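# Analysis of the macromolecular model
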Amino acid sequence: MFRSSAPVTPSTSRRRVVFVAVGAAIAALLAALVTAMVSGAFAAAVAPLTRSVPFSPSAEDGLIAAGEMVTLADDDVPAIARLNPALREAMQDAETDAAVEALSFQITSGWRSPEYQEWLLQEAVDLYGSEEVARQFVATPERSTHVTGDGIDIGPIDAQFWLIEHGSRFGICQTYANERWHFELATVPGGVCPEMRADAAS
Ligand SMILES: [Zn+2]
């Protein structure tokens, strides 16, 4: 009698079981691979929103952290080292005079990178919910005297009032009416300070 197929031996049966098991494993791997590809594609699609690292200013950008005690003598601090030397020298001369009244200047901001200035402006936009209002308090990188090293913010409040009263002896002036802490070289030593601008936007 002709037999079209070989009898199923226990050995062949085992091979089939193995074959089916391997097939199932390959199918599972393929399914996992497709899932990974699809989720990968999804991750790539949302990457611009989730993976871009937001700018965060560092000392290299001129950041002086809140509470950090920085003086005009701090050469190793970029916010101080990158100031216009003429402004820094005038401020040092002023501080020498102010020291007679037991005052010292704490520098809260000096030179800033354009990126740091832009970041400050965007923070202000978020805070006030309006670019127009934000610009009254934070100048654009193109307009800010901090970016050129020609502006400096100081504290504490008694030092601010001292500079407002005596700064012109050194050519130093408050330049924005709404910023009691912000000073620039704006006249000759012993000269008269120009009329203040109302704010950074004017
Ligand atoms: Zn300032």
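Okay, so let's go over this structure. (Residues numbered from 1 in each chain as written. Predicted model: local features only at pLDDT ≥ 70, side-chain atom pairs only at ≥ 80, totals over all residues. Heavy atoms only, no water.)

## Some words on the pattern of salt bridges
- Enumeration according to the criterion identifies five salt bridges in this entry.
- With its nearest N and O atoms 2.4 Å apart, the salt bridge here joins Asp75 to Arg88. Within this pair, whereas Asp75 is found in the loop between α1 (10-50) and α2 (78-81), its partner Arg88 is found in helix α3 (residues 85-98), the two being separated by 13 residues in sequence.
- Judged by relative accessible area, Asp75 falls into the exposed class, the value being 54%.
- With a relative accessible area of 15%, Arg88 lands in the buried category.
- Notably, a salt bridge pairs Asp97 with Arg169, separated by 2.5 Å at the nearest N-O pair. Separated by 72 residues along the polypeptide, Asp97 in helix α3 and Arg169 in the loop between α6 (157-166) and β3 (172-174) bring together distant segments of the chain. (Salt bridge = Lys/Arg side-chain N within 4 Å of Asp/Glu carboxyl O. Helix = DSSP H or I, 4+ residues; strand = E, 2+ residues; numbered from the N terminus. Buried < 20%, exposed > 50% of the residue type's maximum accessible area, 1.4 Å probe, protein only.)

## Digging into α6
- Burial in α6 covers these residues: Ala159, Gln160, Trp162, Leu163 and His166. What you see down the axis of α6 is that its buried residues fit within an arc of 160°, all on one side.
- Here the buried face of α6 lies against α3, β2 (152-155), β3 and β4 (182-185). (Arc of directions from axis to C-beta. Contact = heavy atoms within 4.5 Å.)

## Description of the pairing of β2
- Neither face of β2 is open: one carries Ile152 and Ile154, the other Asp153 and Gly155, and all of them are buried.
- In terms of strand pairing, strand β1 (residues 106-109) meets β2 through three bridges, oriented antiparallel. Pairing of Ile107 across the sheet is with Ile154, part of β2. (Pairing = 2+ DSSP bridges.)

## Structural notes on the layout of surface pockets
- Computed from the structure, the largest pocket encloses a volume of approximately 480 Å³.
- Lining the largest pocket are 27 residues; nearest its centre among them are Arg112, Leu120, Phe137, Val138 and Asp153.
- When residues of the lining of the largest pocket are traced back to their parent elements, those giving at least two are β1 and α4 (114-128).
- Examining the composition of the lining of the largest pocket, we find that seven residues originate from one element, α4, more than from any other.
- Residues belonging to the lining of the largest pocket are distributed by class as follows: 15 nonpolar, seven polar and five charged. (1 Å grid on protein atoms, 1.4 Å probe; cavity = no way out; pocket = protein on both sides within 12 Å on 5 of 7 lines; lining within 4 Å. Points joined across faces, edges and corners; volume = space filled by probe spheres on them. Nonpolar A, V, L, I, M, F, W, Y, C, P; charged D, E, K, R; others polar.)

## Observations concerning the packing of aromatic side chains
- One pass over the full model with this rule turns up four aromatic pairs.
- Ring geometry for Phe105 against Trp162: centres 6.4 Å apart, planes inclined by 50°, an arrangement best described as tilted. Here Trp162 lies in helix α6 and Phe105 lies in the loop between α3 and β1, a separation of 57 residues in the sequence.
- Trp162 sits in the buried class, given a relative accessible area of 5%.
- With centroids separated by 6.2 Å and ring planes inclined at 40°, the aromatic side chains of Tyr116 and Trp119 adopt a geometry described as tilted. (Phe/Tyr/Trp six-rings, centres within 6.5 Å; stacked < 30°, edge-to-face > 60°.)

## Structural notes on the state of the cysteines
- For the structure shown, the criterion picks out one disulfide.
- At a sulfur-sulfur separation of 2.0 Å, the disulfide partner of Cys173 is Cys193. Between Cys173 and Cys193, the S-S dihedral sits near -90°, and the bridge is therefore left-handed. In this pair, Cys173 sits in strand β3 while Cys193 sits in the segment after β4, placing the two residues 20 residues apart along the sequence.
- According to the relative accessible area criterion, Cys193 is partly exposed, its value standing at 29%. (Disulfide = S-S within 2.5 Å.)

## Some details on the coordination of the zinc ion
- Each protein donor to the zinc ion is listed here as His146 (NE2), Asp153 (OD) and His182 (ND1); together their distances run 2.0 to 2.1 Å.
- We note that the donor set of the zinc ion lies within a single chain, spaced as H-x6-D-x28-H. Of this pair, His146 sits in the loop between α5 (131-137) and β2 while His182 is found in strand β4, placing the two residues 36 residues apart along the sequence. (Donors = N, O, S within 2.8 Å, 3.2 Å for Na, K, Ca; no water.)

## With respect to the sheet that holds β3
- If you trace the four strands from one edge of the open sheet to the other, you get β1-β2-β4-β3, paired in antiparallel fashion. Every interior strand has two partners, whereas the edge strands, β1 and β3, have only one. When strand polarity is set aside, the average angle formed by the axes of neighbouring strands in this sheet is 45°.
- On the sheet, α3 packs against β2, β3 and β4 and is oriented at approximately 115° with respect to β4.
- Packed on one face of the sheet, α6 meets β2, β3 and β4 and runs near 125° to β2. (Axes fitted to C-alpha atoms, helices over the stretch in contact; angles between N-to-C directions.)

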